[in-house]
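# Remarks on the overall topology
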Amino acid sequence: MSEHLLWSATPAAGWLEAFPLGNGRLGAMVHGVPGREHLQINDGTAWSGSPHNERMNSRIDPSVAARALTDARAAIDRGDPAAADRRLRDVQGGWSQAYLPFADLHLTVGDAGVVEAYRRELDLATATHRVSYLLDGAPVRWSCFVSAADSVLVLRVETERPVDVEWRLASPLRVHGNEADEHGAWMTVRLPSDMPPPHEPDLEPAWDEAEGAALRGAVVVRVAHDGQRRAGGSAGVRRLDLVLATATTFTGIGLPPDGDETTARAVAKQAVDRALGRSDLAGRHEREHARRYGQVALDLGPVAAERPTAERLTERDTGLAALLFAYGRYLAVSSSAPGGLPSTLQGLWNDDMRPPWSSNYTINVNTQMNYWAAETADLADTLEPLVDLVEALSENGGATLYGARGWVAHHNTDAWAFTAPVGRGRADPSWAFWPMGGVWLTWLLHEHLRFGASDEFAAKRAWPILRGAAAFCLDWLRPKADGTVGTVPSTSPENHYVGPDGRVVAAGRSSTMDLVLIAGLFDALGGLAARLGVDDDPVVAEVRQVRPRIPGPAIGADGMVPEWIDDPAQGEPGHRHLSHLVFAYPGDTPDDPVLRGAVSHSIDDRGEDSTGWSLAWKLALRARLRQPGHVSRLLDLMIRPAPPERAGEHGGFYPNLMAAHPPYQIDGNFGYVAAVAEMLVQSHRGVIEILPSLPAAWSEGRVTGLVARPGVSVDIAWNRTGPTEIGLRARRPAGRTTVTVEFAGRRTTVDLTRGERVMVELDTFAPKGSAT
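Residues numbered from 1 in each chain as written. Predicted model: local features only at pLDDT ≥ 70, side-chain atom pairs only at ≥ 80, totals over all residues. Heavy atoms only, no water.

## Points about the overall build of the protein
A tally of regular secondary structure across the protein gives 18 helices and 29 strands. Computed over the C-alpha atoms, the radius of gyration of the protein is 27 Å, within 12% of the 28 Å expected from 2.2 N^0.38 for a compact globule of 772 residues. With the C-alpha coordinates of the protein rotated into their principal frame, the extents come out at 85 × 75 × 50 Å. Relative to its full complement of 772 residues, the protein shows a buried share of 61%. A fraction of 68% describes how many contacts in the protein between residues 6 or more apart in sequence connect residues 24 or more apart. For the protein, the exposed surface amounts to about 27200 Å²; the carbon and sulfur share of it is 49%. (Helix = DSSP H or I, 4+ residues; strand = E, 2+ residues; numbered from the N terminus. Rg over C-alpha atoms; globule rule 2.2 N^0.38 Å. Buried < 20%, exposed > 50% of the residue type's maximum accessible area, 1.4 Å probe, protein only. Contact = heavy atoms within 4.5 Å. Areas by Shrake-Rupley, 256 points an atom, 1.4 Å probe, with all protein chains shown as cover.)

What follows is the structure, encoded as structure tokens:
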């Protein structure tokens, strides 16, 4: 059976033991403390600052940038990349804004007493948190969910013995109004107008009160119960229903705030009142959650559910691997939904006013990894907020800074669609100078098209975004004497090489990632132009001329894929990023066995252990290379306990199964889902390959609902000998739809034209001479 339950026999002692709830905008971390519950509340629109911040702290004079780039190119040409690094500090702006915690709900239920038979659990299938225990021998039960259908958090407490209940709201933000009465509570807050990242310790947060400088927000709570009312609580309660809603003055990605605390409070109150008028809140919530979450299931055999979830991390039973897959999908639908914002570095959940890396969007890998499983794991609607963000970046990120056409984004962005380089003129260009962030984000749109997105999406959303990014790249590329083109200066995210004088430097010529991303964008634009019948577009015509001049991935003198085209010595052996292998995953892994061998050698060279997200990337790469032995070893490194107090780069999962960087980053959870999908089904080569990289421990199992290109639902059951059942269904049949299915090098063609589920004839895959 599939596993969809996390549970613990003790309350959460800290945030990394609490269980997350969310509807894509409203989130909560639930601790489950008997009698003293604490729900840490997040609102996905709660960000510091406004669009004004980038205009104020990240202005870069284009003429200064042009001189700096000219000097940097000249320095690289004369063999002095250290001088190029120094000059690139003149092409740095300020900082992007932070995703912030919003509120805390504290609930006191009854007096202190003897607690026995305690259990708390998170049911992924219903997105419901439950707590049960005996208080002095009397049962206490409560449940909590965050409804996407009604945009509220609902908490129900049930006791067999009457108890007193009290409630109050608090916030780490600036509270401008806070009141609790017999009917509930409300609170209004103001967010900071600027929150510098913690790696800028000399800068302090700002709280500008001017209109439009920062967001305002509100929380509203209403309570219904069978007891006697009193201010801020109730007495003699056996059953209590609490409904909570939040709102801010956020109006959209990249748009200025509108309204004040009063308007935010009115919006939150309206949501609460509307919810209280419904009789089936739990049913509406579960049906909507099932619609988004319940399409995919992975079963890897017996479920070891008798042991608390955190304890299972030390034993790494096979069922836990399936649970982590389900949990990653749960986190995706809970943290990213149409109409909201994309998942941040921590998804929807953050309790820190100055969180690591501002808990925003790092777009040199982390934001992209959050959505690598969006198509294959049937989570496509979680991609919508990311498309909204990329659209806003394409509108805000005019490339005039570089004297170029189109649009550009760099290393970081936020809810205000920040696009400038960061670093304040003193940061290492290895991370502060990288104008390919927007280009890489377009890959997710191209994948959406390959998995069957509509013509409307292709024409109205993908086309202008890809075309603008390609126009920038055409102007950014530099001709070389050998007739090829490249990028100078060029960095490879957060990595370094050894320069001619032995110093470790960042800026060089044509990082492999630059060339692969630009070539991939040009290919995507050409295919999209053909689909839309706009081959005569002038940007497309330029792309068609330039694309053949972009060098493909090469093999260096050491037999590995070089990070830069000049194949310099590595400045950071074992680096966590695998940017130079982006063409192998998430790109379309090459068929050339020699190049595949170089990719494998390159992964070997980086070592196996690393941060959670880096392990997930390696896991996906090994799956694409069809290396189940390596996959098994990486699974052992990934699925292990990560003590909350441990520092340094290492993988694993915290007690609540959130992925370690450390600190916690959600990309490891999402990258794991993407990697598992690649172990079971691959379709990047134009065929649907079944069980290409199955770990030995997964000797039998079943998966339903994975998605293959060009939009085919795939169900598989298997045992030690191979697949025992393969079911396929075209999700959007259009004309004649046939696909090729492959297992262990043998192929068959399947007609899916009718749109019905078709069972694949397995005799095709039997080894020659075997009994059927």
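There's more to say after this.
## Notes on the packing of aromatic side chains
Taken as a whole, this structure holds 17 aromatic pairs when the rule is applied. Centroid distance Phe250 to Trp416: 5.5 Å. Interplanar angle 50 degrees. Geometry classified as tilted. With Phe250 in the loop between strand E14 (233–248) and helix H4 (261–276) and Trp416 in the loop between strand E17 (412–413) and helix H10 (429–432), this residue pair connects regions lying 166 residues apart in the sequence. Relative accessible area serves as the criterion here: at 15%, Phe250 is assigned to the buried category. For the ring pair Tyr327 and Tyr330, a centre distance of 6.2 Å and an interplane angle of 10 degrees mean the geometry is stacked. Pair noted here: Tyr327 and Tyr330 are both in helix H7 (residues 318–335), with a separation of 3 residues, about one helical turn. Classification of Tyr327 as buried rests on a relative accessible area of 0%. The exposure class assigned to Tyr330 is buried, which follows from its relative accessible area of 0%. (Phe/Tyr/Trp six-rings, centres within 6.5 Å; stacked < 30°, edge-to-face > 60°.)

## Some details on the sheet that holds strand E23 (residues 688–690)
Taken in spatial order, the 4 strands make up an open sheet running E22-E23-E27-E28, and their pairing is mixed. Only two strands of the sheet have a single neighbouring strand rather than two, namely strand E22 (681–682) and strand E28 (746–751). Note: E23 against strand E27 (residues 738–743), 2 bridges, orientation parallel. By the bridge assignment for E27, Glu689 is matched with Glu742. (Pairing = 2+ DSSP bridges.)

## Details of the pattern of salt bridges
Going through the model one piece at a time under the given rule, you end up with 59 salt bridges. With a closest N to O distance of 2.7 Å, Arg278 and Asp150 form a salt bridge. Taken together, the residues Arg278 in the loop between H4 and helix H5 (281–293) and Asp150 in the loop between strand E8 (138–147) and strand E9 (152–170) connect sequence positions 128 residues apart. Judged by its relative accessible area of 4%, Asp150 is buried. The partner of Glu725 in a salt bridge is Arg757, and the shortest N-O contact between them spans 3.6 Å. Of the two residues, Glu725 sits in strand E26 (residues 722–730) while Arg757 sits in the loop between E28 and strand E29 (758–759), which places them 32 residues apart along the sequence. (Salt bridge = Lys/Arg side-chain N within 4 Å of Asp/Glu carboxyl O.)

## A look at the packing of helix H12 (residues 455–476) against helix H14 (residues 538–546)
Where H12 contacts H14, the axes come no closer than 10 Å and their chain directions differ by 50 degrees. Looking at the two axes, H12 sits oblique to H14. In terms of crossing hand, the pair formed by H12 and H14 is left-handed. Facing Trp463, Arg467, Ala470, Ala471 and Leu474 of H12, the residues of H14 in contact are Pro538, Val539, Val540, Glu542, Val543 and Val546. Classifying every residue of the contact of H12 with H14 gives 9 nonpolar, no polar and 2 charged. (Axes fitted to C-alpha atoms, helices over the stretch in contact; angles between N-to-C directions. Parallel < 35°, antiparallel > 145°, perpendicular 65-115°, else oblique. Left-handed = near helix turned anticlockwise from the far one by under 90°. Nonpolar A, V, L, I, M, F, W, Y, C, P; charged D, E, K, R; others polar.)

## Side note on the sheet that holds strand E24 (residues 701–708)
The strand order across the open sheet formed by 5 strands is E15-E24-E25-E26-E29, and the pairing between neighbours is antiparallel. Either end of the sheet is taken by a strand with one partner, and the two such strands are strand E15 (297–299) and E29. Two strands pair when backbone bridges link them, and strand E25 (residues 712–719) and E26 are joined in this way by 8 bridges, in the antiparallel orientation. Residue Val714 lies in a different strand from E26, and its bridge partner there is Leu728. Lying over the sheet, helix H18 (residues 667–680) contacts E15, E24 and E25, oriented at roughly 100 degrees with respect to E24.

## Quick notes on helix H15 (residues 593–606)
Given a rise of 1.5 Å per residue, 14 residues ought to cover 20 Å, and the 20 Å separating the end C-alpha atoms of H15 matches this to within 8%. Among the residues of H15, Leu595, Arg596, Ala598, Val599, Ser600, Ser602, Ile603 and Arg606 are the ones counted as buried. Buried residues belonging to H15 abut helix H16 (612–624). Measuring from the side-chain oxygen of the N-cap residue of H15 to the backbone nitrogen of Val594 gives 3.0 Å; that N-cap residue is Asp592. In the stretch just after H15, Gly607 is the one whose phi turns positive, near 80 degrees. (Expected span 1.5 Å × (residues − 1). Polar contact = N/O pair within 3.5 Å; in protein donor to acceptor, adjacent residues only side chain to side chain.)

## Comments concerning H7
Between its first and last C-alpha atoms H7 spans 26 Å; for 18 residues at 1.5 Å apiece the expected length is 26 Å, and the two agree. Counting buried positions along H7 gives 17 out of 18 residues, so the element sits mostly inside the fold.

## A few points about the pairing of E24
Every other side chain in a regular strand lies on the same face of the sheet, so the side chains alternate between the two faces. Burial of E24 is extensive: 6 of the 8 residues sit out of reach of the surface. Strand direction decides the pairing type here: E15 and E24, joined by 3 bridges, are antiparallel. Paired with Leu298 across the strands is Val703, a residue of E24. By the bridge criterion, 6 bridges tie E24 to E25 in an arrangement that is antiparallel. What sits directly across from Val707, in E25, is Ser713. The hairpin formed by E24 and E25 contains 3 residues between the paired strands, and Gly711 there has a positive phi angle of roughly 120 degrees.

## Structural notes on unusual backbone geometry
Along the chain, Tyr585 connects to Pro586 via a cis peptide bond; the corresponding omega equals 10 degrees. Structurally, the position occupied by Pro586 is in the loop between H14 and H15. In this structure, Ala117 takes a positive phi of about 50 degrees despite not being glycine. Tracing the backbone shows Ala117 in strand E6 (residues 115–123). Judged by relative accessible area, Ala117 falls into the exposed class, the value being 61%. The backbone of Ser358 shows a phi angle near 65 degrees, a positive value even though the residue is not glycine. Relative accessible area serves as the criterion here: at 2%, Ser358 is assigned to the buried category.

## Notes on the nonpolar core
With 227 residues, the main nonpolar core has Leu153 and Phe522 as its most contacted residues. Apart from the residues lying within four places of it in its own chain, the contact partners of Phe522 are Ala470, Cys473, Leu474, Leu477, Val543, Val546, Arg547 and Ile550. Of all hydrophobic cores here, the second largest spans 15 residues; its members include Val220, Ala245, Val272 and Ala275. (Core = buried A, V, L, I, M, F, W, Y, C linked by side-chain atoms within 4.5 Å.)

## Section: the pairing of strand E5 (residues 103–109)
Summarising burial for E5: 5 of the 7 residues are buried, a large majority. For strand E4 (residues 36–43) and E5, the ladder comprises 6 bridges, and the chain directions are antiparallel. Counted as the bridge partner of Gln40 is Asp104 from E5. Looking at chain direction, E5 and E9 are connected through 6 bridges and run antiparallel. Following the sheet pairing, Leu107 is matched in E9 by Trp167.

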